[in-house]
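# Chain and residue survey
Read off the chains here:
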Amino acid sequence: VKRQECEEKVLSHITPLREEREHIHSVADRIIGAVNTSGKAKGMIAGSVARDTWVRGDRDLDIFMLFDPSMSREALEEHGMGLARSIARRLSGAVVEKYAEHPYVNTEIEGLSVDLVPCYAVDNAARIQSAVDRTPFHTLFVREHIGDLASDVLLLKQFAKAGGIYGSDQMTGGFAGYLCELLVIWYGGFSQVIEAASSWRPGVVIDIRGHQSKEFEDPLVVVDPVDPRRNVAASLTLTRFAEFVEFAHGYREAPSMDFFFPPVQGVLDFECFKAALGERGTYLYAIVFSTPHTIPDIVVPQLRKSLAAIAGMLDRYGFTVSRSDCCMGEARCMLLFELLVDSLPALKRHMGPYIWNGSNADDFRDKYRNGTFSGPYIEDGRYWIDIQRKHTSAGELLGSDSPLKVSLGKHVMASMQRGFTLLSGPGCWTEGFESFVSGFIRKQSPLVRIKQKREEIG
Ligand code: CTP
Ligand code: MG
(Lines give C-alpha, C1' and ligand atoms only; values in the text may rest on other atoms or scores of the structure.)
(Ligands and ions follow the chains in the order given, each with its own letter.)
Protein backbone atom coordinates (compact mmCIF):
# COMPACT_ATOMS: atom_id res chain seq x y z
CA VAL A 1 0.00 0.00 0.00
CA LYS A 2 1.16 3.47 -0.81
CA ARG A 3 0.77 5.73 2.18
CA GLN A 4 1.42 9.32 3.04
CA GLU A 5 4.60 9.79 5.00
CA CYS A 6 2.65 11.08 7.99
CA GLU A 7 0.45 7.98 7.92
CA GLU A 8 3.48 5.72 8.25
CA LYS A 9 4.63 7.83 11.13
CA VAL A 10 1.21 7.70 12.79
CA LEU A 11 1.14 3.92 12.44
CA SER A 12 4.49 3.66 14.19
CA HIS A 13 2.78 5.34 17.16
CA ILE A 14 -0.56 3.54 17.21
CA THR A 15 0.09 -0.03 16.08
CA PRO A 16 -0.13 -2.30 19.11
CA LEU A 17 3.26 -3.51 20.30
CA ARG A 18 4.12 -7.18 20.31
CA GLU A 19 4.33 -7.37 24.11
CA GLU A 20 1.03 -5.55 24.37
CA ARG A 21 -0.60 -7.99 21.98
CA GLU A 22 0.83 -10.96 23.85
CA HIS A 23 -0.27 -9.60 27.20
CA ILE A 24 -3.80 -8.82 26.11
CA HIS A 25 -4.20 -12.22 24.48
CA SER A 26 -2.79 -14.07 27.47
CA VAL A 27 -5.34 -12.36 29.72
CA ALA A 28 -8.08 -13.10 27.18
CA ASP A 29 -7.05 -16.77 26.98
CA ARG A 30 -7.23 -17.11 30.75
CA ILE A 31 -10.69 -15.61 30.90
CA ILE A 32 -11.94 -17.68 28.00
CA GLY A 33 -10.47 -20.78 29.64
CA ALA A 34 -12.41 -19.96 32.78
CA VAL A 35 -15.64 -19.45 30.84
CA ASN A 36 -15.21 -22.70 28.92
CA THR A 37 -14.30 -24.85 31.93
CA SER A 38 -17.40 -23.61 33.75
CA GLY A 39 -19.32 -25.75 31.25
CA LYS A 40 -22.06 -23.13 31.21
CA ALA A 41 -21.06 -21.00 28.26
CA LYS A 42 -18.54 -20.58 25.51
CA GLY A 43 -16.05 -17.74 25.74
CA MET A 44 -15.15 -15.53 22.82
CA ILE A 45 -13.05 -12.40 22.37
CA ALA A 46 -15.05 -9.64 20.71
CA GLY A 47 -14.49 -6.05 19.74
CA SER A 48 -11.30 -4.61 18.38
CA VAL A 49 -8.96 -7.03 20.15
CA ALA A 50 -10.50 -9.95 18.28
CA ARG A 51 -9.99 -8.11 15.01
CA ASP A 52 -6.57 -6.73 15.69
CA THR A 53 -7.90 -3.23 15.23
CA TRP A 54 -7.27 -1.67 18.61
CA VAL A 55 -5.15 1.41 18.96
CA ARG A 56 -1.95 1.03 20.98
CA GLY A 57 -2.46 1.80 24.62
CA ASP A 58 -6.21 1.13 24.61
CA ARG A 59 -6.91 -1.00 27.63
CA ASP A 60 -10.31 -2.41 26.73
CA LEU A 61 -10.94 -6.11 26.38
CA ASP A 62 -14.41 -7.34 25.43
CA ILE A 63 -15.13 -10.97 26.31
CA PHE A 64 -18.45 -12.43 25.34
CA MET A 65 -19.93 -15.45 27.07
CA LEU A 66 -22.25 -17.31 24.72
CA PHE A 67 -25.12 -19.16 26.37
CA ASP A 68 -27.64 -21.66 25.08
CA PRO A 69 -30.30 -19.66 23.16
CA SER A 70 -33.12 -21.80 24.57
CA MET A 71 -32.54 -20.21 27.98
CA SER A 72 -35.00 -17.56 29.03
CA ARG A 73 -33.84 -13.99 29.28
CA GLU A 74 -34.11 -14.09 33.08
CA ALA A 75 -32.07 -17.28 33.22
CA LEU A 76 -29.47 -15.75 30.92
CA GLU A 77 -29.19 -12.72 33.17
CA GLU A 78 -29.01 -14.82 36.30
CA HIS A 79 -26.51 -17.40 35.07
CA GLY A 80 -24.62 -14.97 32.88
CA MET A 81 -24.09 -12.47 35.65
CA GLY A 82 -23.35 -15.24 38.14
CA LEU A 83 -20.62 -16.62 35.92
CA ALA A 84 -19.25 -13.16 35.10
CA ARG A 85 -19.08 -12.23 38.79
CA SER A 86 -17.39 -15.44 39.81
CA ILE A 87 -14.77 -15.17 37.06
CA ALA A 88 -14.13 -11.52 37.84
CA ARG A 89 -13.74 -12.30 41.54
CA ARG A 90 -11.42 -15.17 40.88
CA LEU A 91 -9.17 -13.30 38.44
CA SER A 92 -9.17 -9.81 39.88
CA GLY A 93 -11.40 -9.17 42.84
CA ALA A 94 -13.11 -6.11 41.49
CA VAL A 95 -16.62 -6.43 40.11
CA VAL A 96 -18.53 -3.50 38.68
CA GLU A 97 -21.97 -4.31 37.37
CA LYS A 98 -22.97 -2.35 34.32
CA TYR A 99 -25.97 -2.15 32.14
CA ALA A 100 -26.34 -1.53 28.43
CA GLU A 101 -29.26 -3.29 26.81
CA HIS A 102 -28.34 -6.14 29.18
CA PRO A 103 -26.40 -6.29 32.39
CA TYR A 104 -22.71 -7.17 32.19
CA VAL A 105 -19.67 -7.06 34.41
CA ASN A 106 -16.68 -4.79 34.14
CA THR A 107 -13.53 -5.72 35.96
CA GLU A 108 -9.90 -4.80 35.95
CA ILE A 109 -7.38 -7.53 35.23
CA GLU A 110 -3.68 -6.74 34.98
CA GLY A 111 -4.25 -3.19 33.90
CA LEU A 112 -6.93 -4.06 31.37
CA SER A 113 -10.53 -2.95 31.63
CA VAL A 114 -12.40 -6.16 30.87
CA ASP A 115 -16.08 -6.39 29.97
CA LEU A 116 -17.66 -9.79 30.55
CA VAL A 117 -20.83 -9.80 28.48
CA PRO A 118 -23.38 -12.63 28.57
CA CYS A 119 -25.21 -13.19 25.29
CA TYR A 120 -27.01 -15.91 23.35
CA ALA A 121 -25.08 -18.25 21.07
CA VAL A 122 -27.48 -17.92 18.16
CA ASP A 123 -26.32 -19.88 15.13
CA ASN A 124 -27.60 -17.36 12.64
CA ALA A 125 -27.60 -13.58 12.91
CA ALA A 126 -31.25 -13.49 11.85
CA ARG A 127 -32.13 -15.14 15.19
CA ILE A 128 -30.61 -12.37 17.27
CA GLN A 129 -32.54 -11.83 20.46
CA SER A 130 -30.78 -8.67 21.52
CA ALA A 131 -28.16 -6.20 20.32
CA VAL A 132 -25.28 -7.94 22.08
CA ASP A 133 -25.95 -11.16 20.20
CA ARG A 134 -24.88 -9.41 17.03
CA THR A 135 -21.38 -8.70 18.25
CA PRO A 136 -19.93 -12.20 17.70
CA PHE A 137 -21.20 -12.00 14.13
CA HIS A 138 -19.51 -8.64 13.68
CA THR A 139 -16.27 -10.22 14.76
CA LEU A 140 -16.68 -13.06 12.28
CA PHE A 141 -17.56 -10.70 9.46
CA VAL A 142 -14.67 -8.34 10.06
CA ARG A 143 -12.17 -11.15 10.50
CA GLU A 144 -13.28 -12.65 7.24
CA HIS A 145 -13.15 -9.42 5.23
CA ILE A 146 -10.50 -7.25 6.79
CA GLY A 147 -7.61 -8.90 4.92
CA ASP A 148 -4.53 -6.75 5.35
CA LEU A 149 -6.46 -3.56 6.10
CA ALA A 150 -6.18 -3.63 9.91
CA SER A 151 -3.69 -0.75 9.81
CA ASP A 152 -6.11 1.26 7.73
CA VAL A 153 -8.72 0.78 10.43
CA LEU A 154 -6.23 2.01 13.01
CA LEU A 155 -5.59 5.13 10.94
CA LEU A 156 -9.29 5.80 10.54
CA LYS A 157 -9.98 5.31 14.25
CA GLN A 158 -7.13 7.61 15.20
CA PHE A 159 -8.27 10.17 12.62
CA ALA A 160 -11.81 10.09 14.02
CA LYS A 161 -10.49 10.37 17.59
CA ALA A 162 -8.43 13.40 16.61
CA GLY A 163 -11.51 15.05 15.15
CA GLY A 164 -13.44 14.37 18.36
CA ILE A 165 -15.90 12.21 16.43
CA TYR A 166 -14.99 8.68 17.53
CA GLY A 167 -17.52 6.77 19.59
CA SER A 168 -21.15 5.87 19.13
CA ASP A 169 -22.26 6.77 22.65
CA GLN A 170 -25.10 9.28 22.78
CA MET A 171 -22.95 12.20 23.90
CA THR A 172 -20.46 11.81 21.04
CA GLY A 173 -22.88 10.63 18.36
CA GLY A 174 -19.86 9.77 16.26
CA PHE A 175 -18.25 6.81 14.54
CA ALA A 176 -18.21 3.40 16.26
CA GLY A 177 -15.19 1.13 15.87
CA TYR A 178 -17.26 -1.33 13.87
CA LEU A 179 -18.38 1.46 11.56
CA CYS A 180 -14.73 2.39 10.89
CA GLU A 181 -14.03 -1.24 10.08
CA LEU A 182 -16.91 -1.48 7.64
CA LEU A 183 -15.97 1.78 5.91
CA VAL A 184 -12.42 0.57 5.40
CA ILE A 185 -13.64 -2.77 4.09
CA TRP A 186 -16.10 -1.12 1.71
CA TYR A 187 -13.81 1.55 0.28
CA GLY A 188 -10.68 -0.58 0.40
CA GLY A 189 -8.42 1.46 2.65
CA PHE A 190 -7.97 4.57 4.74
CA SER A 191 -7.16 6.97 1.93
CA GLN A 192 -10.07 5.62 -0.10
CA VAL A 193 -12.42 6.35 2.82
CA ILE A 194 -11.00 9.87 3.10
CA GLU A 195 -11.37 10.48 -0.60
CA ALA A 196 -14.96 9.29 -0.67
CA ALA A 197 -15.93 11.05 2.56
CA SER A 198 -14.59 14.40 1.46
CA SER A 199 -17.41 14.62 -1.03
CA TRP A 200 -20.15 12.92 1.00
CA ARG A 201 -23.44 14.66 1.48
CA PRO A 202 -26.29 13.40 3.68
CA GLY A 203 -28.01 10.38 2.22
CA VAL A 204 -24.97 8.16 1.65
CA VAL A 205 -26.04 4.52 1.61
CA ILE A 206 -23.55 1.69 1.89
CA ASP A 207 -25.01 -1.74 1.62
CA ILE A 208 -22.13 -4.19 1.53
CA ARG A 209 -24.27 -7.25 1.08
CA GLY A 210 -26.88 -5.59 -1.15
CA HIS A 211 -29.69 -6.25 1.35
CA GLN A 212 -31.81 -3.22 0.31
CA SER A 213 -34.30 -4.28 2.89
CA LYS A 214 -35.21 -1.11 4.69
CA GLU A 215 -35.19 2.64 4.22
CA PHE A 216 -33.31 4.67 6.81
CA GLU A 217 -33.48 8.42 7.27
CA ASP A 218 -30.01 8.92 8.78
CA PRO A 219 -27.31 11.06 7.09
CA LEU A 220 -25.12 7.99 6.69
CA VAL A 221 -26.57 4.54 6.24
CA VAL A 222 -24.30 1.53 6.53
CA VAL A 223 -26.54 -1.51 6.49
CA ASP A 224 -25.19 -4.03 8.97
CA PRO A 225 -23.96 -6.95 6.85
CA VAL A 226 -24.98 -9.32 9.62
CA ASP A 227 -28.39 -7.77 10.23
CA PRO A 228 -30.12 -5.81 7.44
CA ARG A 229 -32.59 -4.28 9.88
CA ARG A 230 -29.89 -2.23 11.49
CA ASN A 231 -28.02 0.87 10.36
CA VAL A 232 -24.54 0.67 11.90
CA ALA A 233 -24.31 4.48 11.64
CA ALA A 234 -27.69 5.05 13.30
CA SER A 235 -26.24 7.05 16.18
CA LEU A 236 -24.10 9.28 13.96
CA THR A 237 -25.51 12.80 14.15
CA LEU A 238 -25.66 15.18 11.21
CA THR A 239 -23.15 17.43 12.97
CA ARG A 240 -20.57 14.67 13.48
CA PHE A 241 -21.18 13.51 9.92
CA ALA A 242 -20.44 17.00 8.61
CA GLU A 243 -17.40 17.36 10.86
CA PHE A 244 -16.02 14.15 9.40
CA VAL A 245 -16.62 15.36 5.84
CA GLU A 246 -14.88 18.66 6.66
CA PHE A 247 -11.98 16.92 8.37
CA ALA A 248 -11.51 14.48 5.49
CA HIS A 249 -11.59 17.33 3.01
CA GLY A 250 -8.98 19.26 4.98
CA TYR A 251 -6.74 16.23 5.24
CA ARG A 252 -6.85 15.61 1.52
CA GLU A 253 -5.77 19.16 0.85
CA ALA A 254 -2.90 19.15 3.31
CA PRO A 255 -2.18 15.83 5.02
CA SER A 256 -0.29 16.09 8.29
CA MET A 257 0.22 14.50 11.68
CA ASP A 258 -2.12 17.13 13.17
CA PHE A 259 -5.07 15.20 11.80
CA PHE A 260 -4.12 12.26 14.02
CA PHE A 261 -2.52 13.99 16.96
CA PRO A 262 -4.24 17.34 17.08
CA PRO A 263 -2.77 20.26 18.95
CA VAL A 264 -4.50 20.29 22.33
CA GLN A 265 -6.94 23.09 22.86
CA GLY A 266 -5.95 24.35 26.27
CA VAL A 267 -8.63 25.28 28.78
CA LEU A 268 -9.00 29.04 29.24
CA ASP A 269 -8.06 30.28 32.66
CA PHE A 270 -10.73 32.02 34.66
CA GLU A 271 -9.53 35.55 33.85
CA CYS A 272 -9.52 34.89 30.09
CA PHE A 273 -12.93 33.30 30.36
CA LYS A 274 -14.28 36.36 32.15
CA ALA A 275 -12.71 38.69 29.60
CA ALA A 276 -14.08 36.66 26.67
CA LEU A 277 -17.56 36.78 28.14
CA GLY A 278 -17.26 40.53 28.56
CA GLU A 279 -16.31 40.97 24.93
CA ARG A 280 -19.23 38.86 23.75
CA GLY A 281 -21.59 40.99 25.76
CA THR A 282 -23.94 38.04 26.17
CA TYR A 283 -25.49 36.56 29.29
CA LEU A 284 -24.51 33.10 30.37
CA TYR A 285 -26.64 30.93 32.66
CA ALA A 286 -26.01 27.41 33.90
CA ILE A 287 -28.35 25.00 35.64
CA VAL A 288 -26.42 22.40 37.61
CA PHE A 289 -27.87 19.29 39.26
CA SER A 290 -26.88 15.78 40.33
CA THR A 291 -26.29 13.28 37.55
CA PRO A 292 -29.14 10.76 37.53
CA HIS A 293 -28.12 7.25 38.55
CA THR A 294 -28.82 5.49 35.32
CA ILE A 295 -26.83 4.60 32.22
CA PRO A 296 -25.33 7.52 30.30
CA ASP A 297 -27.05 6.58 27.04
CA ILE A 298 -30.38 7.12 28.79
CA VAL A 299 -29.36 10.31 30.60
CA VAL A 300 -27.84 12.08 27.59
CA PRO A 301 -30.97 12.19 25.40
CA GLN A 302 -32.89 13.45 28.43
CA LEU A 303 -30.32 16.21 28.94
CA ARG A 304 -30.74 17.27 25.32
CA LYS A 305 -34.53 17.18 25.61
CA SER A 306 -34.39 19.28 28.80
CA LEU A 307 -31.96 21.71 27.21
CA ALA A 308 -34.27 22.25 24.23
CA ALA A 309 -37.34 22.57 26.46
CA ILE A 310 -35.76 25.19 28.72
CA ALA A 311 -34.26 27.08 25.77
CA GLY A 312 -37.74 27.09 24.19
CA MET A 313 -39.18 28.48 27.41
CA LEU A 314 -36.57 31.25 27.54
CA ASP A 315 -37.33 32.21 23.95
CA ARG A 316 -41.07 32.23 24.60
CA TYR A 317 -40.58 34.62 27.51
CA GLY A 318 -38.55 36.92 25.29
CA PHE A 319 -35.04 36.01 26.48
CA THR A 320 -33.50 35.16 23.13
CA VAL A 321 -31.18 32.17 23.32
CA SER A 322 -28.10 32.40 21.15
CA ARG A 323 -26.71 28.95 21.82
CA SER A 324 -27.02 26.20 24.43
CA ASP A 325 -25.28 22.95 25.32
CA CYS A 326 -25.19 20.29 28.00
CA CYS A 327 -22.50 18.36 29.81
CA MET A 328 -22.74 15.19 31.87
CA GLY A 329 -20.13 14.76 34.57
CA GLU A 330 -19.68 11.83 36.95
CA ALA A 331 -21.47 13.61 39.76
CA ARG A 332 -23.15 16.63 38.22
CA CYS A 333 -24.72 17.73 34.96
CA MET A 334 -24.83 21.21 33.47
CA LEU A 335 -27.31 22.84 31.11
CA LEU A 336 -25.71 25.96 29.69
CA PHE A 337 -27.48 28.86 27.94
CA GLU A 338 -26.05 31.91 26.28
CA LEU A 339 -28.63 34.66 25.96
CA LEU A 340 -28.77 37.83 23.89
CA VAL A 341 -31.31 39.33 26.23
CA ASP A 342 -31.16 39.21 30.00
CA SER A 343 -33.72 41.70 31.15
CA LEU A 344 -36.86 43.06 29.61
CA PRO A 345 -39.06 46.06 30.43
CA ALA A 346 -42.17 45.71 32.54
CA LEU A 347 -44.39 46.05 29.49
CA LYS A 348 -45.41 43.11 27.38
CA ARG A 349 -47.76 43.09 24.41
CA HIS A 350 -50.33 40.36 24.58
CA MET A 351 -52.58 39.25 21.74
CA GLY A 352 -56.32 38.72 22.19
CA PRO A 353 -59.07 37.27 19.98
CA TYR A 354 -60.63 38.80 16.84
CA ILE A 355 -63.42 41.07 17.91
CA TRP A 356 -66.01 39.10 15.89
CA ASN A 357 -65.02 36.06 17.90
CA GLY A 358 -68.24 36.27 19.97
CA SER A 359 -67.98 35.39 23.61
CA ASN A 360 -64.19 35.09 23.54
CA ALA A 361 -63.94 38.74 22.57
CA ASP A 362 -66.41 39.73 25.29
CA ASP A 363 -64.59 37.73 27.94
CA PHE A 364 -61.25 39.15 26.92
CA ARG A 365 -62.51 42.72 27.05
CA ASP A 366 -64.08 42.17 30.47
CA LYS A 367 -61.10 40.40 31.91
CA TYR A 368 -58.61 43.09 30.91
CA ARG A 369 -60.77 46.19 31.30
CA ASN A 370 -58.60 47.28 34.21
CA GLY A 371 -55.00 46.80 35.19
CA THR A 372 -53.35 47.08 31.80
CA PHE A 373 -50.82 49.64 30.68
CA SER A 374 -52.90 50.14 27.54
CA GLY A 375 -55.94 48.56 26.01
CA PRO A 376 -57.68 46.46 25.20
CA TYR A 377 -57.24 48.17 21.87
CA ILE A 378 -57.86 46.91 18.36
CA GLU A 379 -55.25 46.31 15.73
CA ASP A 380 -55.84 44.46 12.48
CA GLY A 381 -59.15 43.21 13.72
CA ARG A 382 -58.11 41.77 17.05
CA TYR A 383 -57.78 42.89 20.63
CA TRP A 384 -54.39 43.61 22.04
CA ILE A 385 -53.26 44.72 25.46
CA ASP A 386 -50.02 46.06 26.91
CA ILE A 387 -49.67 44.38 30.29
CA GLN A 388 -47.22 43.69 33.08
CA ARG A 389 -44.67 41.05 32.12
CA LYS A 390 -44.43 38.12 34.55
CA HIS A 391 -40.65 37.73 34.46
CA THR A 392 -38.49 40.71 33.61
CA SER A 393 -35.21 38.94 34.22
CA ALA A 394 -33.94 35.67 32.76
CA GLY A 395 -32.29 34.80 36.05
CA GLU A 396 -35.55 35.20 37.90
CA LEU A 397 -37.34 32.99 35.38
CA LEU A 398 -34.67 30.28 35.56
CA GLY A 399 -34.57 30.45 39.34
CA SER A 400 -38.34 30.04 39.63
CA ASP A 401 -40.09 26.69 39.37
CA SER A 402 -40.86 27.36 35.69
CA PRO A 403 -37.99 25.18 34.42
CA LEU A 404 -39.61 22.27 36.27
CA LYS A 405 -42.82 22.75 34.34
CA VAL A 406 -41.48 22.18 30.86
CA SER A 407 -40.96 18.74 29.42
CA LEU A 408 -37.72 17.50 30.92
CA GLY A 409 -36.76 13.86 30.65
CA LYS A 410 -37.97 11.66 33.50
CA HIS A 411 -34.67 11.18 35.34
CA VAL A 412 -33.55 14.76 34.77
CA MET A 413 -36.88 15.98 36.12
CA ALA A 414 -36.52 13.85 39.26
CA SER A 415 -33.00 15.10 39.85
CA MET A 416 -33.88 18.76 39.26
CA GLN A 417 -36.87 18.46 41.56
CA ARG A 418 -34.50 17.40 44.29
CA GLY A 419 -32.75 20.68 43.67
CA PHE A 420 -30.62 22.57 41.19
CA THR A 421 -28.14 25.42 41.34
CA LEU A 422 -28.41 28.39 39.02
CA LEU A 423 -25.14 30.04 38.03
CA SER A 424 -24.66 33.09 35.89
CA GLY A 425 -21.99 34.98 33.99
CA PRO A 426 -18.43 34.20 35.07
CA GLY A 427 -20.01 32.17 37.88
CA CYS A 428 -20.70 29.42 35.36
CA TRP A 429 -17.00 28.67 35.62
CA THR A 430 -17.39 26.02 38.27
CA GLU A 431 -15.46 22.99 39.39
CA GLY A 432 -15.59 20.09 36.97
CA PHE A 433 -17.03 22.18 34.13
CA GLU A 434 -14.07 24.44 33.33
CA SER A 435 -13.20 22.70 30.11
CA PHE A 436 -16.84 22.44 29.05
CA VAL A 437 -17.65 26.15 29.49
CA SER A 438 -14.30 27.09 28.01
CA GLY A 439 -14.96 24.88 24.97
CA PHE A 440 -18.45 26.35 24.70
CA ILE A 441 -17.25 29.87 24.09
CA ARG A 442 -14.34 28.77 21.94
CA LYS A 443 -16.44 26.44 19.83
CA GLN A 444 -14.88 25.62 16.47
CA SER A 445 -14.93 22.80 13.97
CA PRO A 446 -12.18 20.14 14.01
CA LEU A 447 -10.53 21.49 10.86
CA VAL A 448 -10.67 25.12 11.97
CA ARG A 449 -9.05 24.09 15.25
CA ILE A 450 -6.12 22.59 13.40
CA LYS A 451 -5.76 25.46 10.93
CA GLN A 452 -5.88 28.04 13.66
CA LYS A 453 -3.24 26.31 15.75
CA ARG A 454 -1.05 26.04 12.69
CA GLU A 455 -1.29 29.79 12.12
CA GLU A 456 -0.54 30.51 15.76
CA ILE A 457 2.57 28.39 15.61
CA GLY A 458 3.41 30.16 12.34
N1 CTP B 1 -20.98 -2.56 18.99
C2 CTP B 1 -21.97 -2.28 18.10
N3 CTP B 1 -22.52 -1.05 18.04
C4 CTP B 1 -22.08 -0.06 18.83
C5 CTP B 1 -21.06 -0.30 19.76
C6 CTP B 1 -20.53 -1.59 19.83
O7 CTP B 1 -22.39 -3.14 17.36
N8 CTP B 1 -22.65 1.13 18.74
C9 CTP B 1 -20.39 -3.90 19.04
C10 CTP B 1 -19.40 -4.07 17.91
O11 CTP B 1 -19.46 -5.38 17.42
C12 CTP B 1 -18.11 -3.76 18.62
C13 CTP B 1 -18.32 -4.39 19.99
O14 CTP B 1 -19.70 -4.14 20.25
O15 CTP B 1 -17.01 -4.28 17.94
C16 CTP B 1 -17.45 -3.79 21.06
O17 CTP B 1 -17.71 -2.42 21.19
P18 CTP B 1 -16.59 -1.32 21.50
O19 CTP B 1 -15.60 -1.83 22.50
O20 CTP B 1 -17.31 -0.07 21.78
O21 CTP B 1 -15.89 -1.12 20.07
P22 CTP B 1 -14.63 -1.79 19.42
O23 CTP B 1 -15.03 -2.27 18.06
O24 CTP B 1 -14.05 -2.82 20.33
O25 CTP B 1 -13.65 -0.56 19.21
P26 CTP B 1 -12.58 0.06 20.23
O27 CTP B 1 -11.27 -0.13 19.55
O28 CTP B 1 -12.93 1.51 20.33
O29 CTP B 1 -12.71 -0.65 21.54
MG1 MG C 1 -13.55 -2.47 22.46
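Since we're looking at a predicted model, the values are computed, not measured. (Residues numbered from 1 in each chain as written. Chains lettered and ligands numbered in written order. Predicted model: local features only at pLDDT ≥ 70, side-chain atom pairs only at ≥ 80, totals over all residues. Heavy atoms only, no water.)

### What about helix α1 (residues 5-14)?
Helical periodicity: at 3.6 residues per turn, an α-helix aligns residues three or four positions apart in one direction. To keep things clear, this is the line we draw: Burial status follows relative accessibility: with a 1.4 Å probe on protein chains alone, a residue under 20% of its type maximum counts as buried, one over 50% as exposed, and anything between as partly exposed. Secondary structure elements follow DSSP: runs of H or I of four or more residues count as helices, runs of E of two or more count as strands, with numbering from the N terminus. This arc describes the spread of directions from the helix axis toward the C-beta atoms. Only heavy atoms matter for contacts: two residues are in contact if any of them lie within 4.5 Å across the pair.
What α1 keeps buried is the set C6, E7, V10, L11 and I14. Looking straight down α1, one finds that the buried residues subtend no more than 140° of arc, so they occupy a single side. Contacts from the buried residues of α1 go to α6 (150-162), α8 (190-197) and α9 (238-253).

### Considerations on the packing of aromatic side chains
Selection rule: Each Phe, Tyr or Trp ring, with Trp reduced to its six-membered ring, pairs with another whose centre is within 6.5 Å; inter-plane angles below 30 degrees give stacked pairs, above 60 give edge-to-face pairs, and intermediate values give tilted ones. Throughout this description, the term charge over a ring refers to an Arg CZ or Lys NZ atom that lies within 6 Å of the ring centre and within 35 degrees of the ring normal.
Counting across every chain of the model gives 20 aromatic pairs. Consider the rings of W200 and F241, whose centres lie 5.8 Å apart with planes at 5°: the pair is stacked. Linking W200 in the loop between α8 and β6 (204-206) with F241 in helix α9, this pair joins segments that are 41 residues apart in sequence. With respect to class, W200 is no different from F241; both count as buried. Ring plane angle 15° and centroid distance 6.0 Å describe the contact between F364 and Y383, whose orientation is recorded as stacked. Of this pair, F364 sits in helix α12 (residues 358-367) while Y383 sits in strand β14 (residues 382-388); the two residues are 19 residues apart in sequence, bridging distant segments of the chain. Y383 carries the same exposure label as F364, and that label is buried. What links up through ring pairs into an aromatic cluster is the set F159, F175, Y187, F190, W200, F241, F244, F247, Y251, F259 and F260. We note R382 situated over the ring of Y354; from NZ or CZ to the ring centre the distance is 4.1 Å.

### Observations regarding the pairing of strand β11 (residues 332-339)
Here is the rule we go by: Here a strand pair is declared whenever DSSP counts at least two bridges between the two strands.
Taken across its eight residues, β11 has seven buried, putting it largely inside the fold. In the sheet, strand β9 (residues 283-290) pairs with β11 via eight bridges, with the strands oriented antiparallel. Of the residues in β11, the one forming a bridge with Y283 is L339. In terms of strand pairing, strand β10 (residues 321-328) meets β11 through seven bridges, oriented antiparallel. What sits directly across from D325, in β11, is L336. What sits between β10 and β11 in their antiparallel hairpin is a turn of three residues.

### Overview of the sheet that holds strand β1 (residues 42-46)
What counts is decided by this rule: Here the axes come from fitting lines to C-alpha atoms, over the contacting stretch only for helices, and the angles between their N-to-C directions go from 0 to 180 degrees.
Strands sit in the order β1-β2-β5-β4-β3 across an open sheet of five strands; the sheet is mixed. Here the strands that pair on one side only, and so sit at the sheet edges, are β1 and β3 (96-99). The sheet shows a mean angle of 30° between the axes of neighbouring strands, direction not considered. The pairing of β3 with strand β4 (residues 103-109) spans four bridges and is antiparallel. Residue pairing across strands places Y99 opposite P103, the latter belonging to β4.

### A few points about the side chain of T139
Tracing the backbone shows T139 in helix α5 (residues 131-145). On the basis of relative accessible area, T139 is assigned to the buried category, the value being 0%. Those residues in contact with T139, other than ones at most four positions away along the chain, are M44, I45, A46, G47, A50 and R51.

### Remarks on the sheet that holds β6
The pairing of strands in a sheet happens through backbone hydrogen bonds and is either parallel or antiparallel. Spatially, three strands are ordered β6-β7-β8 in an open sheet, and the strand pairing comes out mixed. Each edge of the open sheet carries a strand with a single partner, namely β6 and β8 (227-231). Strand-to-strand, the axes of this sheet are offset by a mean angle of 20°, without reference to chain direction. Alignment of strand β7 (residues 220-224) against β8, held across two bridges, turns out to be antiparallel. Paired with V223 across the two strands is N231, which belongs to β8. Helix α7 (residues 177-187) rests against β6, β7 and β8 of the sheet, and its axis sits at about 90° to β7.

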